[in-house]
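Survey of secondary and tertiary structure
Below, each chain spelled out in residue letters.
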Amino acid sequence: MHEITRSDAGAENLSTTAKCISQIIEQAKTYKQKAICFITGVPGAGKTLAGLNIANERLKTDENEHAVFLSGNGPLVSVLREALTRNAAVNQNIKKSEAERHVKAFVQNIHHFRDEYLKNPSVPTEKVVVFDEAQRAWNQEQTSSFMQRKRGLLDFSQSEPHFLINVMDRHQDWCVIVCLIGGGQEINTGEAGLSEWVAALKNDYPKWQVYFSEQIIKEAHYLNNPELTDWLIGTGHEKTALHLATSVRSFRCEKLSEFVHALLDADIQAAQALYQQIKQDYPIVLTRDLQTAKQWLKQRAKGSERFGLIASSGGRRLKALGVNVKNEIDVNHWFLNTDDDVRSSYYLEDVATEFDVQGLELDWVCVGWDSNFYYDSTTQQWNYRAFKGSRWQNVCQASAQNYLKNAYRVLLTRARQGMVIWLPEGSDDDPTRAKCFYDDTYQFLVEAGLRELKH
């Protein structure tokens, strides 16, 4: 479990956040209030670990609260359950099946929770629910479409955040929702972001107590809506402890997030300046050769440090070089098994995509970069493409472009200690892998300051 929940956030930072949430819960119980808390933090700051700790501590404090950790991230739920089950079986000396039963009640898929209370109109047993990656909950259009197609509910007209708040609002006395929010990490069509949660509270649940960190107000990628921002400022309670701020230990983490943000905004000067601040502690190197990238990972990793190969789910032409993003992996084996298992990430044979790794981390990664997201030196902008049939097509819809950019944001923030970016040479003999779609991107990354590995 340590391997997948280790974070750069200091223990004091996590403890401060957990204490703040505990105080809010106790206040809600005392005054019979319904409250929702938004915890923010940069990638790798420990949001998932904080959420698990909060739910676990509440179970210890009062089992009758039935605290539960929920996530819509299927791979994350699977890996967390397997890791917790393995730990419990060994540490408590119980059968794995018994450990698994306890863990499944504690860590659940948010969609299963939703479906349970969709068919069951009763008051939920859970008084405290922690929603991991709450920004990924579905908007109204996506939720309604799913409910019509899969559940036959033709008149369903709520977003997923609205429905989940509605479920908890069934309590007559008190309850607390804790939302873990990652900014700029929506990677699936229909993911609502923070705005859908705030809109539901503003429009239909104004009596709920709302707690948030100042980062939601300061940083546009959390809540880019002036009307909702003004409502939140006027109605909610600002708590500094609800942001997993970086300590000295996690300086690297925050600066990496800022560097990636500048890179994806094509702000070369900001990227150059930021990388100068992190390169001594956090190496990022470039290569055109996959074997060179793999060798670099093996040389860098010490002891049990985990490394792996990741790439965009849209990087379809990496297949020509032996990296097939369409092959599904078993995330439990990939993330948890040891280096003598060919199914583990250590073997660098199976590639994980942004959907497999969001919310999870490794010590070192190789990021395979395809031309679905490429830089054009003439326009000095990023270009967005999707591979359809046998050729690339431009992605023009703004929301789809945002999902693609966020996919690379996720990939570039998965490593705790450093990464190698593998950008193939391309081949003018293959129009789907033309060199021009790779070379400008490579040169842009060189100009940002990344060191080239020679082979």
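Residues numbered from 1 in each chain as written. Predicted model: local features only at pLDDT ≥ 70, side-chain atom pairs only at ≥ 80, totals over all residues. Heavy atoms only, no water.

To continue, consider the overall build of the protein. The number of helices and strands found in the protein is 18 helices and 16 strands. If you line up the protein on its principal axes, its C-alpha atoms span 65 × 55 × 45 Å. Residue burial in the protein is summarised as follows: out of 455 residues, 58% are buried. Excluding contacts between residues fewer than 6 apart, the proportion of contacts in the protein whose partners are at least 24 apart in sequence is 77%. Total accessible area on the protein stands at roughly 19,700 Å², and carbon and sulfur atoms take up 44% of it. Taking the 52 positively charged and 58 negatively charged side chains of the protein as two groups, their mean positions are separated by 3 Å. (Helix = DSSP H or I, 4+ residues; strand = E, 2+ residues; numbered from the N terminus. Buried < 20%, exposed > 50% of the residue type's maximum accessible area, 1.4 Å probe, protein only. Contact = heavy atoms within 4.5 Å. Areas by Shrake-Rupley, 256 points an atom, 1.4 Å probe, with all protein chains shown as cover. Lys, Arg positive; Asp, Glu negative; His and termini not counted. Charge placed at Lys NZ, Arg CZ, Asp CG, Glu CD.)

With that settled, the discussion passes to the packing of aromatic side chains. Summed over the entire model, instances satisfying the criterion amount to 20 aromatic pairs. Each ring, one from Trp-369 and one from Tyr-408, has its centre 4.9 Å from the other, and the planes form 40°; the classification is tilted. Taken as a pair, Trp-369 in the loop between β11 (362–368) and β12 (373–376) and Tyr-408 in helix α17 (residues 398–411) lie far apart in primary sequence, 39 residues in all. Across the pair, exposure class does not vary: Trp-369 and Tyr-408 are buried alike. Note on Tyr-374 and Phe-437: the rings are 4.9 Å apart at their centroids and 65° apart in plane angle, and the pair reads as edge-to-face. (Phe/Tyr/Trp six-rings, centres within 6.5 Å; stacked < 30°, edge-to-face > 60°.)

Moving on, we come to the side chain of Arg-58. Within the secondary structure layout, Arg-58 lies in helix α3 (residues 47–61). Among the polar contacts listed, one links the side chain of Arg-58 to the side chain of Glu-26, at a separation of 2.7 Å. (Polar contact = N/O pair within 3.5 Å; in protein donor to acceptor, adjacent residues only side chain to side chain.)

The three strands lie next to each other as β12-β13-β14, forming an open sheet whose pairing is antiparallel. For this open sheet the edge positions go to β12 and β14 (391–394), each flanked by a neighbour on one side alone. On average, adjacent strands in this sheet sit at an angle of 45° to one another, irrespective of strand direction. Packed onto the sheet, α17 meets β12 and β13 (381–388) and runs at close to 100° relative to β13. (Pairing = 2+ DSSP bridges. Axes fitted to C-alpha atoms, helices over the stretch in contact; angles between N-to-C directions.)

Once that is clear, we can look at the pattern of salt bridges. Applying the stated rule across the entire model yields 25 salt bridges. Glu-425 is paired through a salt bridge with Lys-435; the nearest N and O atoms lie 3.8 Å apart. Of this pair, Glu-425 sits in the loop between β15 (415–422) and α18 (436–447) while Lys-435 sits in the loop between β15 and α18, placing them ten residues apart in sequence. Assessed through its relative accessible area of 35%, Glu-425 is described here as partly exposed. Each of Glu-26, Lys-29, Arg-58, Asp-62 and Glu-65 takes part in one network of salt bridges that share partners. (Salt bridge = Lys/Arg side-chain N within 4 Å of Asp/Glu carboxyl O.)

A separate point is the sheet that holds strand β16 (residues 451–452). In space, the six strands of this open sheet follow the order β10-β9-β11-β15-β8-β16, with parallel pairing throughout. One side of each edge strand has no neighbouring strand; the edge strands of this open sheet are β10 (351–352) and β16. As defined by bridge partners, strand β8 (residues 284–287) adjoins β16 across two bridges and the pair is classed as parallel. Across the sheet, residue Val-285 finds its bridge partner in β16, namely Arg-451. In the packing of α18 onto the sheet, contacts are made with β8, β15 and β16, and the angle to β8 comes to roughly 150°.

Right, let's get into α18. The end-to-end C-alpha distance of α18 is 17 Å, a good match for the 16 Å that twelve residues give at a rise of 1.5 Å each. Count one or two residues on from α18 and you reach Gly-449, which has phi positive near 115°. (Expected span 1.5 Å × (residues − 1).)

On to the state of the cysteines. Within this structure, the stated rule accounts for zero disulfides. Cys-175 takes part in no disulfide bond, and the closest cysteine sulfur to it belongs to Cys-37, at a distance of 11 Å. You can call Cys-175 buried: its relative accessible area is 0%. (Disulfide = S-S within 2.5 Å.)

Across the interface, helix α8 (residues 160–168) lies against helix α9 (residues 194–204) with an axial gap of 8 Å and an inter-helix angle of 55°. Judged by the angle between their axes, α8 and α9 are oblique. Note on packing geometry: the crossing formed by α8 with α9 is right-handed. Facing Pro-161, His-162, Leu-164 and Ile-165 of α8, the residues of α9 in contact are Glu-196, Trp-197, Ala-200, Leu-201 and Asp-204. When its residues are assigned to classes, the contact of α8 with α9 shows six nonpolar, one polar and two charged. (Parallel < 35°, antiparallel > 145°, perpendicular 65-115°, else oblique. Left-handed = near helix turned anticlockwise from the far one by under 90°. Nonpolar A, V, L, I, M, F, W, Y, C, P; charged D, E, K, R; others polar.)

This brings us to unusual backbone geometry. Positive phi outside glycine occurs at Asn-93, with the angle close to 55°. For Asn-93, the location among the structural elements is in the loop between α4 (74–91) and α5 (96–106). Residues other than glycine seldom take positive phi values, yet Leu-348 does so here, at roughly 55°. With respect to the helices and strands, the residue Leu-348 is situated in the loop between α15 (331–336) and β10.

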